[in-house]
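Residues per chain, in single letters:
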Amino acid sequence: MILSGAGLSAESGIRTFRDSDGLWEEYDVMQVCSVQGWEADRKLVTEFYNARRHDLADKEPNAAHRMIAELQKEFPGQVWNLTQNVDDLLERAGCSEVIHLHGTLTDLRCEACGAVWPIGYRPQSPDERCPECRSTQVRHNVVMFGEPAPAYRLIYKAIAQSDLFVAIGTSSQVIDVVPIAREFEHSILVNPRREPHVTHFGDHEEFVDEAFGIFLQKRATEAAEELRTLVFEHLAG
């Protein structure tokens, strides 16, 4: 079970809210990523996601995206690929059956009938219509704060059907990876920083990780080959 976060795509140039040069410097996250913000100013939120789509168009998958794709090809049907990211870089790297827990940036959704369809990297136009019901109640297909994320149910299914958990590039502030890791005998964390909630120092200044069996304190691309070897040995063993 692989669960990836913003750190996976950050090295491809996808800006995040939490980075020092992140989107929070330009936007209040609750204005553009919450139900309240959407209801208050739909034009602002639509423009925000139009800009994110435009920004994604020239980005390329990195070594970590490709490593996950290689694992899926080497072990068909054995790798759950769940991501908190809304970009399409995993798919463009060759991944199959990607579970986007927070939706997809390159799709639109109809608020009237629930239909979802691809928009690619173009902006959503003011007169956008649903191809199914012709409604103009059209929005981005990204889950906002304050609304349910239906794909979360698949987290529990993945846990039940897996015996190795890998968390890549997540601060654990949106999805808490600690209780997930504690469901597994074997677990690996890849993150360049020590997150207070996830990892900490022990009594003797020696690094201790309570939840994960292995902690690779590296960026996703730096850890890609080592992680691939660890997962390969586990699945092939």
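My aim in this report is to walk through the structure given alongside it, one point at a time. Just so it is clear, the structure is predicted and the values come from calculations on it, not from any experiment. (Residues numbered from 1 in each chain as written. Predicted model: local features only at pLDDT ≥ 70, side-chain atom pairs only at ≥ 80, totals over all residues. Heavy atoms only, no water.)

1. Remarks on the overall build of the protein
Line of reasoning, step 1. A count of helices and strands for the protein gives nine helices and eleven strands.
Line of reasoning, step 2. Looking at the protein residue by residue over its 237 residues, the buried ones come to 50%.
Line of reasoning, step 3. Partitioning the intrachain contacts of the protein with sequence separation of at least 6 by distance along the chain shows that 61% fall at a separation of at least 24.
Line of reasoning, step 4. Approximately 12,100 Å² of the protein is accessible, and the part contributed by carbon and sulfur atoms is 49%. (Helix = DSSP H or I, 4+ residues; strand = E, 2+ residues; numbered from the N terminus. Buried < 20%, exposed > 50% of the residue type's maximum accessible area, 1.4 Å probe, protein only. Contact = heavy atoms within 4.5 Å. Areas by Shrake-Rupley, 256 points an atom, 1.4 Å probe, with all protein chains shown as cover.)

2. Regarding the pattern of salt bridges
Line of reasoning, step 1. The full count for this structure, using the stated rule, is twelve salt bridges.
Line of reasoning, step 2. Among the ionic pairs, K59 bridges to D55, the shortest N-O distance being 3.0 Å.
Line of reasoning, step 3. A residue is classified by how much of its surface remains accessible, and D55, at 24% relative accessible area, is partly exposed.
Line of reasoning, step 4. Here R228 and E74 are joined by a salt bridge, their closest N and O atoms 2.2 Å apart. Within this pair, whereas R228 is found in helix α9 (residues 220–236), its partner E74 is found in helix α5 (residues 63–74), the two being separated by 154 residues in sequence.
Line of reasoning, step 5. Through salt bridges with shared partners, one network takes in E11, R219 and E222. (Salt bridge = Lys/Arg side-chain N within 4 Å of Asp/Glu carboxyl O.)

3. Some thoughts on the packing of aromatic side chains
Line of reasoning, step 1. Inspection of every chain in the model, using the stated rule, returns four aromatic pairs.
Line of reasoning, step 2. A centroid spacing of 5.6 Å and a plane angle of 25° characterise the contact between F165 and F184, whose relative ring orientation is stacked. Here F165 is found in strand β7 (residues 164–168), whereas its partner F184 is found in the loop between α8 (177–181) and β8 (186–190), with 19 residues between them in sequence.
Line of reasoning, step 3. Taking the relative accessible area as the measure of exposure, F165 reaches 0% and is therefore buried.
Line of reasoning, step 4. Judged by relative accessible area, F184 falls into the buried class, the value being 10%.
Line of reasoning, step 5. Centre to centre, the rings of F165 and F212 are 5.8 Å apart; their planes meet at 25°, and the pair counts as stacked. (Phe/Tyr/Trp six-rings, centres within 6.5 Å; stacked < 30°, edge-to-face > 60°.)

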